[in-house]
Amino acid sequence: MRVLPPAARPSLMRAVVLCAVLTACACTAPAFADCGTPWPVVGLLTLLCLGCELVKLCPLPVRRSRVPEGIGSFFPVVLAAVFLLPPAAAALVALPGGFAQAVVQRPAPVRRVWHAAQQATAAWAAGWTFALLGGPAALGGSPFGGSFGAAFGGSGPPAAAGRLADFPYAMLPAAAAAAAFCLVLTALDAGILAAAEGRPARTAWRGLLALSLAPHCVHGLAGLMMAVMWRSPYGLPAALLVLLPMYISCWVFAQYHRERAAHQATIRALVQAVDLKDRYTRGHSERVGQASAMIARELGMAGDRLEVVRIAGILHDVGKLGVPTRLLRKDGPLTPEERRVIELHPEYGHEMVRGIGFLGEARSAILHHHERIDGTGYPYGLAGEQIPVLARVVAVADAFDAMTSTRSYSRARPVPVALAELQRCAGAHFDPAMVHALVEAIGRDGWHPVVTADDDVQVIPAGSASAPGRAAAAVAAAAAAPVAAVPAAAAADPAGSALSGLPAQGARLGARTVDPRAGQEPDGGGGA
């Protein structure tokens, strides 16, 4: 569940919070008017729900650590209340736990009230969903009296009547109730995001339900198990045993998220170190990671491997930390000795990340992203299929971003021109499949680079660069247009116009590089 966002439009946000509070009050009020509300059970479930939230604030006996913050809200108790109690009483159970949920940003009281109202409303909606689908009867008949018990399943505990829960049918209303609980939570999240940040409602809603549905269904299953055990002859002690493994599972999952956050922090630190050392290519790493992910997604990669490709693109130049700064910032051509030093940076990078286990295949991409399909790259001169797949992906993304962003020695080239240049070099320098994937991905989705320090990084809308013919036309237009003024360093570039915008050292090395109009190929993979 999302926390309340910072208030960009506080008045509208306060109105949404007030409406949520009034709705929660309307949902819980019938519990006080119904003489059949089982207050002892309500109180016990409320204490359990509150305890599951407060335990996060207590230090653990092991090294005085705490429960990871990423464990989030613990909903099995609330959903067990949905299955055991009338809807209004279930909404009451959710109130204290929602109010006790940890908040970071201010104002904390408003955010706590929002969480409480949000969860109470969701519990009420889930309770009615469960009841309307015959959930109380499938669970063995309502054990509570009052108007709700009379309407749904009668009164009297199921054990006295000798009835057991009706499986697997009982799982259907329980799943629907968990889905309704998730739907209301995400709808309220979308509403507060739209109110506070000025987003369109459809944009604020996007992705919330898909990310939340599976976890809430798992919590619903645990809540159903708790309710069944509570209604069994073993009673409350058996129901509490259900909570223990579920809570431990959530704790382990939160540990995993904390470890992932540490991985991301490690990657950010390495990228920031590279950016500080080579100010001319600041933001390059993130954009290469973005383009690498676009290529990988077009090739059908997904899940963990897609994330590894993105990380490989981000860290491909981490070996620059081992290269003297004076070489990285040199504007003129490099000497042969300086070139040999520059060409060591993939090996430096591989050595630096060798011990970071979570990088996986990304390590090979860092080592081989300057290899070329024709075998003339470095550091090992691999050719064709000998080059790892991820390295071939990163090589194309690296060259594309270098061509489309301004460097100390060259001006940025238009995206269609860069794509046409990649296509021209496909089969010699770059894997044709990777080049085709990038062209198709940018043609369909456009190119929207992450925010960087470069002033002229281009944003290309979807559908504007898909056709190779359009890219070729852009090349012809660029050739016919007058040559713009470029820095002195670019004029001294021995590679000529064929290399303007390609990776920095590649443009200054001058190896096998001439104007594309002469029919030869640029050094697309030779840069840093």
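Presented here is an overview of the structure given in this document. This is a predicted model, so every value here is computed, not measured. (Residues numbered from 1 in each chain as written. Predicted model: local features only at pLDDT ≥ 70, side-chain atom pairs only at ≥ 80, totals over all residues. Heavy atoms only, no water.)

Structural notes on the overall build of the chain
(1) Moving on: Counting its regular elements, the chain contains 24 helices and zero strands.
(2) Moving on: Within the span of the chain, comprising 528 residues, buried residues form 49% of the whole.
(3) Moving on: Pairs at least 24 residues apart make up 68% of the contacts formed inside the chain by residues separated by at least 6 positions.
(4) Moving on: Surface exposure of the chain reaches about 22900 Å², of which carbon and sulfur atoms provide 65%. (Helix = DSSP H or I, 4+ residues; strand = E, 2+ residues; numbered from the N terminus. Buried < 20%, exposed > 50% of the residue type's maximum accessible area, 1.4 Å probe, protein only. Contact = heavy atoms within 4.5 Å. Areas by Shrake-Rupley, 256 points an atom, 1.4 Å probe, with all protein chains shown as cover.)

Here we look at the side chain of D431
(1) Moving on: Looking at the element boundaries, D431 is found in the loop between α20 (415-425) and α21 (432-445).
(2) Moving on: At 2.9 Å, the side chain of D431 forms a polar contact with the backbone nitrogen of A433.
(3) Moving on: Once residues lying within four places of it in the same chain are set aside, the contact partners of D431 are I373 and R392. (Polar contact = N/O pair within 3.5 Å; in protein donor to acceptor, adjacent residues only side chain to side chain.)

Side note on the packing of helix α13 (residues 284-298) against helix α19 (residues 389-403)
How two helices sit against one another is set out by the angle between their axes and by the gap between those axes.
(1) Moving on: Running from N to C, α13 and α19 cross one another at 130°; their axes reach a closest spacing of 8 Å. As the angle between them shows, α13 and α19 are arranged oblique. Of the two elements, α13 crosses α19, and the hand of that crossing is right-handed. For the pair α13 and α19, the contacting residues are H284, R287, V288, A291, S292 and I295 in the first and V393, V394, V396, A397, D398, D401 and A402 in the second.
(2) Moving on: By residue class, the composition of the contact of α13 with α19 is eight nonpolar, two polar and three charged. (Axes fitted to C-alpha atoms, helices over the stretch in contact; angles between N-to-C directions. Parallel < 35°, antiparallel > 145°, perpendicular 65-115°, else oblique. Left-handed = near helix turned anticlockwise from the far one by under 90°. Nonpolar A, V, L, I, M, F, W, Y, C, P; charged D, E, K, R; others polar.)

Concerning the pattern of salt bridges
(1) Moving on: Taken as a whole and assessed by the stated rule, the structure comprises 14 salt bridges.
(2) Moving on: With a closest N to O distance of 2.9 Å, R305 and E361 form a salt bridge. On the criterion of sequence distance, the pair formed by R305 in helix α14 (residues 303-315) and E361 in the loop between α17 (345-353) and α18 (362-368) is long-range, its members being 56 residues apart.
(3) Moving on: Take R305: its relative accessible area is 33%, and that puts it in the partly exposed class.
(4) Moving on: Among the residues examined, E361 registers a relative accessible area of 38% and is labelled partly exposed.
(5) Moving on: Put simply, D317 and K320 hold a salt bridge, and the shortest N to O gap is 3.6 Å. Across this residue pair, the class does not change: D317 and K320 are buried.
(6) Moving on: Taken together, the shared-partner salt bridges in this structure form one network comprising E298, R444 and D445. (Salt bridge = Lys/Arg side-chain N within 4 Å of Asp/Glu carboxyl O.)

Looking at the packing of helix α2 (residues 39-54) against helix α4 (residues 87-100)
(1) Moving on: Contact geometry of α2 with α4 gives a least axis separation of 8 Å together with a crossing angle of 25°. When the axis of α2 is compared with that of α4, the two are roughly parallel. Once α2 is placed against α4, the crossing between them reads as right-handed. Contacts from W39, V42, L45, T46, C49, L50, E53 and L54 in α2 reach A89, L92, V93, P96, G97 and A100 in α4.
(2) Moving on: Its residues assigned to classes, the contact of α2 with α4 comprises eleven nonpolar, two polar and one charged.

Some details on the environment of R112
(1) Moving on: Assignment of secondary structure puts R112 in helix α5 (residues 108-132).
(2) Moving on: Once the C-alpha coordinates of R112 and P96 are considered, the two residues, 16 residues apart in sequence, prove to be 9.6 Å apart.

Let's talk about the state of the cysteines
(1) Moving on: Per the counting criterion, the structure on display carries zero disulfides.
(2) Moving on: No disulfide involves C25; its sulfur sits 9.1 Å from that of C27, the nearest cysteine.
(3) Moving on: Overall, the relative accessible area of 44% leaves C25 in the partly exposed class. (Disulfide = S-S within 2.5 Å.)

Looking at α13
(1) Moving on: End to end, α13 covers 21 Å across 15 residues, agreeing with the expected 21 Å (1.5 Å per residue, within 8%).
(2) Moving on: Buried residues dominate α13, accounting for eleven of its 15 residues.
(3) Moving on: Looking one or two residues past α13, G300 carries a phi angle of roughly 95°, positive in sign. (Expected span 1.5 Å × (residues − 1).)

A closer look at the nonpolar core
(1) Moving on: Of all hydrophobic cores here, the largest spans 47 residues; its most connected members are L315, F400 and L422.
(2) Moving on: Among the secondary structure elements, those contributing two or more residues to this core are α12 (236-277), α13, α14, α18, α19, α20 and α21.
(3) Moving on: With near-sequence residues (within four places) excluded, L315 lies in contact with I267, L270, V271, L359 and I366.
(4) Moving on: Judged by nonpolar contacts, the second largest core, of 42 residues, contains L45, F181, V242 and M246. (Core = buried A, V, L, I, M, F, W, Y, C linked by side-chain atoms within 4.5 Å.)

Let's talk about the packing of aromatic side chains
Each aromatic ring pair is specified by the distance between its two centres and by the angle formed by the two planes.
(1) Moving on: In total, this model carries five aromatic pairs according to the counting rule given.
(2) Moving on: Taking 5.0 Å as the distance between ring centres and 75° as the angle between the ring planes, the aromatic pair formed by F75 and F181 counts as edge-to-face. Residue F75 is located in the loop between α2 and α3 (76-84), and its partner F181 is located in helix α9 (residues 171-197); the two are separated by 106 residues in the primary sequence.
(3) Moving on: Summarising the aromatic geometry, the rings of F400 and W447 are spaced 5.2 Å apart at their centres and angled 80° between planes, so their arrangement reads as edge-to-face. Residue F400 is found in helix α19, and its partner W447 is found in the loop between α21 and α22 (468-480); the two are separated by 47 residues along the sequence. One exposure class covers both F400 and W447, and it is buried. (Phe/Tyr/Trp six-rings, centres within 6.5 Å; stacked < 30°, edge-to-face > 60°.)

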